[in-house]
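# Architecture and fold: a report
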Amino acid sequence: MKRVADVVIVGGGCMGASVAYHLARLGVTDVVLLEREKMLATGSTGRNAGGVRHQFSNEANIKLSIESIGLLERFAGEVGHPIDFHQDGYLFLLSTPESVQTFKRNVALQRRLGVAVDWLDPREAAALVTGLNTDGALAATFCQKDGIADPNGVTMGFAKTAQSLGVTIERDVEVTGITVTGGRIAAVETSRGTIETRTVVNAAGPYARSIGRMAGASVPVDPIRRHIFIAAPAAGQPVFAGVPASHIMVIDFETTFYFHREGAGLLFGMGERHEQPTFDTTVQWDFLPQVIDVAVTRLPALAEASISHAWAGLYEMSPDGNPILGPADGIEGLFLINGFSGHGFQHSPAAGRILADVIAGRDPHFDLTPFAANRFALQAAAPGERYVV
Ligand SMILES: Cc1cc2nc3c(=O)[nH]c(=O)nc-3n(C[C@H](O)[C@H](O)[C@H](O)COP(=O)(O)OP(=O)(O)OC[C@H]3O[C@@H](n4cnc5c(N)ncnc54)[C@H](O)[C@@H]3O)c2cc1C
């Protein structure tokens, strides 16, 4: 393993791979990416729903989406890897007057930033998705350019191209410590020895807090478990009976129940409001009946579904639902790309580009104030992200 590097990236999920790729594109190739698992993208990145949307409540997040979706549209040609990107849209169903008011404000903001979002009545929403029950919904929003992509494809595309440009990727290596001398990064300790470096990128997803702690930096990220269930086609049937023809993502905003087509089946999930921070990713099968209770009111076909499998992964929650992106507070040479609060896959293209620019000393042309690491200590956090699903 290399013993000296300009940059060490901790974590081989979509964030670490994106930073590696964008650094390499800038000519910064004396970079080592360290992943403790035997494969890349087995953490949150490998467990996510693949959703990609412009529809956020926060201006900075909408800008991340515009840039990221632009790169996802060009990914196969520019990065050079297939990512199975379907822009069949996101449909948000709204059932309370408060949500309608909030979304009206946010749709105005999204449109001001150039995003084409439609305001629909429940009848129009139902017409978009066969089998969808919109009873009780007051309104809906739809953005055709939102969609679904393959998180593994995006991560491997970034990683392989970074490698081909000279970046070193080491799997099965755990970061165990970070040496800071005189307030600046000096080395990274690993299960396979020390790497001297002056720059460390914390891309450890739900484990960001512990990597920060190794360097003496506060990174307020908590791991929150989220489940995904897959409904399979009935025996002898080619597809699950309730599956939409397209890959449209449907989100019932009030309950956070969501679903989209996944192959011949249906992928669905829902937030658990009372989940406490945990690193445990064991599937809680007793949560499934709660999800189904809510789910059948929107997609009655789920009442008859057989659930073929399920998994749980970790959201990396920040206190305000916004990412922590940029230099760490008080430790020179430590950079953070953390706390994406359940929507990081889709923002990894832009977030990696921005952080690579900052590390390389270039102007990222992006106002990082809402994502600054010191906003919590200064109690200067702007209103956070409302669309955490
Ligand atoms: C169920 C679920 C559904 C989701 N759905 C969506 C969605 O639809 N759209 C979306 O945009 N986002 C979604 N997300 C969120 C998204 O998956 C995350 O925001 C994103 O994957 C974070 O990427 P990451 O690279 O920061 O973290 P990870 O993918 O977790 O990568 C971090 C890596 O760091 C490694 N690591 C940790 N500690 C060490 C160490 N000490 N030494 C070496 N390596 C270490 C880990 O092994 C891991 O591979 C979902 C998440 C979950 C759990």
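Details of the structure are given in the entry above.
Below or above, wherever it landed, is the structure these notes cover. Predicted model, so just to flag it, every value in this text is computed and none were measured.

This next bit is on the overall build of the protein. Counting its secondary structure elements, the protein contains eight helices and 19 strands. Against the compact-globule benchmark of 21 Å for 389 residues, the protein has a radius of gyration of 21 Å, which places it among compact chains. The burial tally for the protein puts 56% of its 389 residues in the buried class. Considering only intrachain contacts with a sequence separation of at least 6, the fraction spanning at least 24 residues in the protein is 74%. As displayed, the protein has an accessible area near 15,500 Å², and 51% of this comes from carbon and sulfur atoms. Charge centroids of the protein, computed over 31 positive and 40 negative side chains, lie 3 Å from each other.

What follows deals with helix α3 (residues 97-112). Residues separated by three or four positions in an α-helix point in the same direction, a consequence of the helix having 3.6 residues per turn. When the terminal C-alpha atoms of α3 are compared, their 23 Å separation across 16 residues agrees well with the 22 Å that a helix rising 1.5 Å per residue should span. Inspection of α3 places Ser99, Val100, Thr102, Phe103, Asn106, Val107, Leu109 and Gln110 among the buried residues, and these make up the whole buried set. Packed against the buried residues of α3 are α2 (59-78), β4 (90-94), β5 (118-120) and β6 (139-143). Positive phi shows up at Gly114, right after α3, with a value of about 100 degrees.

The local shell around the ligand holds 37 residues, among which Glu35, Thr45, Gly51, Glu316 and Gln346 are the closest. Within the side chain of Asn48, a nitrogen or oxygen atom sits 3.3 Å from an oxygen atom of the ligand. Here the ligand, which alone exposes 1,000 Å², has 97% of that area covered by the protein. The set of elements that each furnish at least two residues to the shell around the ligand consists of α1 (14-25), β13 (222-232), β17 (306-317) and α8 (344-359). When residues in the shell around the ligand are grouped by element, the largest group, four residues, is from β17. Residue composition of the shell around the ligand, grouped by class: 15 nonpolar, 15 polar and seven charged.

So, on to the environment of Thr297. On the secondary structure map, Thr297 appears in helix α7 (residues 288-298). Using a relative accessible area of 44% as the deciding quantity, one classes Thr297 as partly exposed. When the C-alpha atoms of Thr297 and Asn133 are compared, they prove to be 6.8 Å apart, with 164 residues separating the residues in sequence.

Right, let's talk about the packing of aromatic side chains for a bit. Tallied over the entire structure, the rule returns twelve aromatic pairs. With 6.2 Å between their ring centres and 40 degrees between their planes, Tyr90 and Phe92 make a pair best called tilted. A relative accessible area of 3% places Tyr90 in the buried class. Taking the relative accessible area as the measure of exposure, Phe92 reaches 0% and is therefore buried. On the numbers, 6.0 Å between centres and 55 degrees between planes, the contact of Phe229 with Trp285 is tilted. Highlighted residues: Phe229 in strand β13 and Trp285 in the loop between β16 (265-269) and α7, separated in sequence by 56 residues. Residue classification places Trp285 among the partly exposed residues on the basis of a relative accessible area of 45%. Counting every residue linked through ring pairs, the aromatic cluster contains Phe229, Phe257, Phe259, Phe268 and Trp285. When the ring centre of Phe56 is taken as reference, the NZ or CZ atom of Arg53 above it lies at 4.1 Å.

Now for the pairing of strand β19 (residues 334-338). Across the five residues that make up β19, a large majority, five, are buried. Taking every second residue as pointing to the same face, both faces of β19 are buried, with Leu334, Leu336 and Asn338 on one and Phe335 and Ile337 on the other. Inspection of the sheet shows strand β12 (residues 200-202) paired to β19 by three bridges, in the parallel sense. Counterpart to Val201 in the pairing with β19 is Phe335.

So, about the sheet that holds β16. Whenever strands of a sheet pair, they do so through backbone hydrogen bonds, lying parallel or antiparallel. The strand order across the open sheet formed by eight strands is β5-β6-β4-β14-β15-β16-β13-β17, and the pairing between neighbours is mixed. Strands at the two margins of the open sheet, each flanked by one partner only, are β5 and β17. When strand polarity is set aside, the average angle formed by the axes of neighbouring strands in this sheet is 20 degrees. Of the strand pairs in this sheet, β13 and β16 are connected by three bridges, and their pairing is antiparallel. Across the sheet, residue Phe229 finds its bridge partner in β16, namely Phe268. Of the strands in this sheet, β4, β5 and β6 touch α3, which is tilted by about 155 degrees from β5. Strand contacts of α7: β4, β13, β14 (249-252), β15 (257-262), β16 and β17, with the helix running at about 80 degrees to β15, the strand carrying the most contacts.

So, how was this worked out
- Residues numbered from 1 in each chain as written.
- Predicted model: local features only at pLDDT ≥ 70, side-chain atom pairs only at ≥ 80, totals over all residues.
- Heavy atoms only, no water.
- Helix = DSSP H or I, 4+ residues; strand = E, 2+ residues; numbered from the N terminus.
- Rg over C-alpha atoms; globule rule 2.2 N^0.38 Å.
- Buried < 20%, exposed > 50% of the residue type's maximum accessible area, 1.4 Å probe, protein only.
- Contact = heavy atoms within 4.5 Å.
- Areas by Shrake-Rupley, 256 points an atom, 1.4 Å probe, with all protein chains shown as cover.
- Lys, Arg positive; Asp, Glu negative; His and termini not counted.
- Charge placed at Lys NZ, Arg CZ, Asp CG, Glu CD.
- Expected span 1.5 Å × (residues − 1).
- Near = heavy atom within 4 Å.
- Polar contact = N/O pair within 3.5 Å; in protein donor to acceptor, adjacent residues only side chain to side chain.
- Nonpolar A, V, L, I, M, F, W, Y, C, P; charged D, E, K, R; others polar.
- Phe/Tyr/Trp six-rings, centres within 6.5 Å; stacked < 30°, edge-to-face > 60°.
- Lys NZ or Arg CZ within 6 Å of the ring centre and 35° of its normal.
- Pairing = 2+ DSSP bridges.
- Axes fitted to C-alpha atoms, helices over the stretch in contact; angles between N-to-C directions.

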